[in-house]
Amino acid sequence: MTTSATYDDQLTRTFAALANSTRRAILARLAKGEANVKELAAPFDLSMPAISKHLTVLEGAGLIVRGRRAQYRPCSIDPAPLEAVASWSEQYRPIWEARFDQMEDHLRHLSQQPQDNQTLKETTPDHEH
Amino acid sequence: MSTESPAGNAVVIERILDAPIGTVWEMWVDPEHFKAWYGPKGASIPVANMDVQVGGKRLICMEMQTPNGTMQMWFTGEYLEVSSNLRLVFTESMSDENGNAKSPSEMGMPGDHPIVTEVTVELEDLGGQTKMVMTHAGVPQDSPGAMGWNMAFDKLTQYLDTQPASS
C-alpha cells in the first residue's frame, strides 16, 4: 500500500492552490457560503476568465466544488483537503515514510556487508567507506 | 485507508522490506540500528535508551542543527507489548532529558496536557522478506487540532519559500 505518493500529490496540489492571495481570498469568501463566479469576481480587479482560472485550480485541488447548471454554477468550499493537511495523523505520515525510507537504505547497506550475527550488532551508520 | 484506530486518528503504514524478519526486528530494538534510521534528515539520535521489555522505559534524543544552534528534542515512553519478531507496542510523549513527560505548552505549543501517542509495529515473515505494519495512534482529540494547524502552516510557509516569486 503506497499511499505516500498520492498523499504528497494531494498535499502539493493543496499547497499550490493556496499559494496565491486571490485564491485564498476566494476561499475565505466561500467559507461564508456558496457564491457564483460573478459574485466571487466582484471584489477583484480581474477579468471573469482570470477568476475562472483560479476556480479551476481550486477545483483541481479539491478545495471547492462547482454546481452543474451551466449558467449559474455556484461554488462552495470543500474542507476535506484542508482537514487532511491539518489532521494529526496526516502530519505524521510523511515523517514515518521518510524514516522507513531511511530504514530501507540502512537495510540495503547492511546486506551489502559480509555479516554474521556479531557484525549486525556492531554496525553503525558511520562506517561508510 | 488510514483510519483504523477507535478515534480514526492514526497513521497506518505498511511496507514490504527486503530483509529477514529478525533483522527488521533489530531495527526497532537495537539502539545502534534504531539510531541509523529513525532521525529525520539532517538530525542525529545521540541518545536511544531502550529497555525493551514490558514495562521497560525508553528515552530518545533527537538533535538537529538550526540557525540558533543545536536543538534537542527528547521523547520518553514505555513498552507495552514485546513479542520478538512479531509485535512491539510502545508509548511516546515529549519529555525533558530525564524522561519526565512535558505538556505541549511547556514546549511552546498549544495544549496543557502531555500528549501520549502509541506506536504499534507488527511484522510478518514473507520468507526472506518482511511485511511491516506500523500504526501510530494519537490518543487525545482536542489539543492536537490547534497544533495541527500550526504545523500545517509551517509546512505551507516552507513550501511557499521553495516557490518562484511570480505566479
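Values in this document were obtained by computation on a predicted structure and should not be read as measured data. Counting of residues starts from 1 at the beginning of each chain's written sequence and follows it residue by residue. Labels are handed out in written order, letters beginning with A for the chains and numbers beginning with 1 for the ligands. Confidence filtering applies because this is a predicted model: local features only for residues at pLDDT of at least 70, side-chain atom pairs given and counted only at 80 or more, and all residues used for totals across whole chains, interfaces and linings.

Colleague: Now, about the overall build of chain A: what can you tell me, with residues and values included?
Modeller: Only runs of H or I of at least four residues qualify as helices and only runs of E of at least two qualify as strands under DSSP, and these elements are numbered from the N terminus. Each helix and strand in chain A was counted, giving seven helices and two strands. Traced from its N-terminal end to its C-terminal end, chain A shows the element sequence α-α-α-α-β-β-α-α-α. A total of 129 residues make up chain A; the buried ones form 23% of that total. Nonlocal contacts in chain A, meaning residues at least 24 apart in sequence, comprise 49% of its contacts between residues at least 6 apart. The exposure label follows from counting other C-beta atoms within 10 Å of a residue's C-beta, where the C-beta atoms are placed from the backbone and the thresholds are 20 or more for buried and 12 or fewer for exposed, leaving partly exposed in between. Working definition of a contact: two residues with C-beta atoms, positioned from the backbone, lying within 7 Å.

Colleague: Can you lay out the overall build of chain B for me, pointing to particular residues and giving the numbers?
Modeller: A count of helical and extended segments in chain B gives three helices and seven strands. When the helices and strands of chain B are placed in sequence order, the string is β-α-α-β-β-β-β-β-β-α. Evaluated residue by residue, chain B yields a buried proportion of 26% over its 167 residues.

Colleague: Residue-level account of the nonpolar core, with values.
Modeller: A set of buried residues qualifies as a nonpolar core if it consists of Ala, Val, Leu, Ile, Met, Phe, Trp, Tyr and Cys joined through C-beta atoms within 7 Å. Among the nonpolar cores identified, the biggest contains 18 residues, and Val24(B), Met27(B), Trp28(B) and Leu123(B) are the most heavily contacted of them. Listing elements by their share of this core, those giving two or more residues are helix 6 (88–111) of chain A together with helix 1 (21–29), helix 2 (31–38), strand 5 (87–95) and strand 6 (117–125) of chain B. Apart from the residues lying within four places of it in its own chain, the contact partners of Leu123(B) are Ile21(B), Val24(B), Trp25(B), Asn85(B), Leu86(B), Thr130(B) and Met132(B). If you look at the next biggest cluster of nonpolar residues, it comprises 15 residues, including Leu18(A), Ile26(A), Ala61(A) and Leu63(A).

Colleague: Now, about the packing of helix 1 of chain B against helix 2 of chain B: what can you tell me, with residues and values included?
Modeller: Residue and element names in this part refer to chain B. Two numbers describe how helix 1 lies on helix 2: the axes approach to 6 Å, and their chain directions differ by 80°. Judged by the inter-axis angle, helix 1 sits roughly perpendicular to helix 2. Packed against helix 1, whose contacting residues are Glu26, Met27 and Trp28, the element helix 2 presents His33, Phe34 and Trp37 at the interface. Among the residues forming the contact of helix 1 with helix 2, the class breakdown is four nonpolar, one polar and one charged. All axes are obtained by fitting lines to C-alpha atoms, using only the stretch in contact for helices, and the reported angles, taken between N-to-C directions, cover 0 to 180 degrees. Oblique is the label for any angle not under 35 degrees, not over 145, and not in the 65 to 115 range, which are roughly parallel, roughly antiparallel and roughly perpendicular in turn. Just so you know the grouping, Ala, Val, Leu, Ile, Met, Phe, Trp, Tyr, Cys and Pro go in nonpolar, Asp, Glu, Lys and Arg go in charged, and all remaining residues, Gly too, go in polar.

Colleague: Which residues make up the pairing of strand 7 (residues 130–138) of chain B, and what are the values?
Modeller: Residue and element names in this part refer to chain B. Here, a strand pair is defined by DSSP locating no fewer than two bridges between the strands. Judged from the eight bridges that link them, strand 1 (residues 10–17) and strand 7 form a sheet pairing that is antiparallel. Bridge pairing links Val11 to His136 in strand 7. Pairing of strand 6 with strand 7, which is carried by nine bridges, proceeds in the antiparallel orientation. Across the sheet, Leu123 pairs through a bridge with Met132, a residue of strand 7.

Colleague: Pulling in residues and values, what's your account of unusual backbone geometry?
Modeller: Residue and element names in this part refer to chain B. Unlike most non-glycine residues, Asn85 shows phi in positive territory, near 60°. Note on placement: Asn85 falls in the loop between strand 4 (69–83) and strand 5. For Asn85, a count of 17 C-beta atoms within 10 Å puts it in the partly exposed group.

Colleague: Give a detailed account of the pairing of strand 5 of chain B, specifying residues and quantitative values.
Modeller: All names here are of chain B. Direction of pairing for strand 4 relative to strand 5: antiparallel, over a ladder of seven bridges. By the bridge assignment, Val82 is partnered in strand 5 with Leu88. If you look at the hairpin formed by strand 4 and strand 5, you'll find three residues sitting between the two strands, and Asn85 has a positive phi there, around 60°. Strand direction decides the pairing type here: strand 5 and strand 6, joined by six bridges, are antiparallel. When the bridges of strand 6 are listed, Leu88 appears paired with Val121.

Colleague: Residue-level account of the confidence of the model for chain A, with values.
Modeller: All names here are of chain A. Residues of chain A with pLDDT of at least 70 account for 71%, and the chain-wide mean is 76. One number per residue, pLDDT, summarises how confident the predictor is, and it ranges from 0 to 100. Least confident of the elements in chain A is helix 7 (residues 117–122), whose mean pLDDT is 46; most confident is helix 4 (residues 48–60), at 90. Ignoring residues within four places in sequence, the model shows residues 117–129, a span with pLDDT below 50, making 11 contacts including any to other chains.

Colleague: How would you explain helix 4 of chain A if you had to name every residue and give the values?
Modeller: All names here are of chain A. By this rule the span expected of a helix is its residue count minus one, scaled by 1.5 Å. Helix length check: helix 4, at 13 residues, gives a terminal C-alpha distance of 18 Å against a target of 18 Å (1.5 Å per residue), a fit within 8%. Among all positions of helix 4, only His54, Leu55, Val57 and Leu58 are buried. Angularly, the buried residues of helix 4 cover 160° about the axis, an arc narrow enough to put them on a single face. In helix 4, the exposed positions angled more than 90 degrees off the buried face are occupied by Met48, Pro49, Thr56 and Gly60. Residue Gly62 follows helix 4 closely and has a positive phi angle near 75°. Our arc is simply the arc of the directions from the helix axis toward the C-beta atoms.

Colleague: Mind laying out the packing of helix 2 (residues 21–30) of chain A against helix 4 of chain A, listing which residues take part and the relevant values?
Modeller: Residue and element names in this part refer to chain A. Between helix 2 and helix 4, the shortest axis-to-axis distance is 10 Å and the interhelical angle comes to 75°. What the angle tells us is that helix 2 and helix 4 run roughly perpendicular. When helix 2 is examined against helix 4, the residues Thr22, Arg23, Ile26 and Leu27 are found in contact with a partner set consisting of His54, Val57 and Leu58. For the contact of helix 2 with helix 4, the per-class residue count stands at four nonpolar, two polar and one charged.

Colleague: Describe the confidence of the model for chain B, with residues and values.
Modeller: A low pLDDT score tells you not to read the predicted coordinates there in detail. All names here are of chain B. Per-residue pLDDT for chain B has a mean of 79; in total, 71% of the residues score no lower than 70. Predicted confidence for residues 1–8 stays below pLDDT 50, and this span has 12 contacts to residues more than four positions away or in other chains. Contacts for the low-pLDDT stretch residues 140–150, under 50 throughout, to residues beyond four places or in other chains number 23 contacts.

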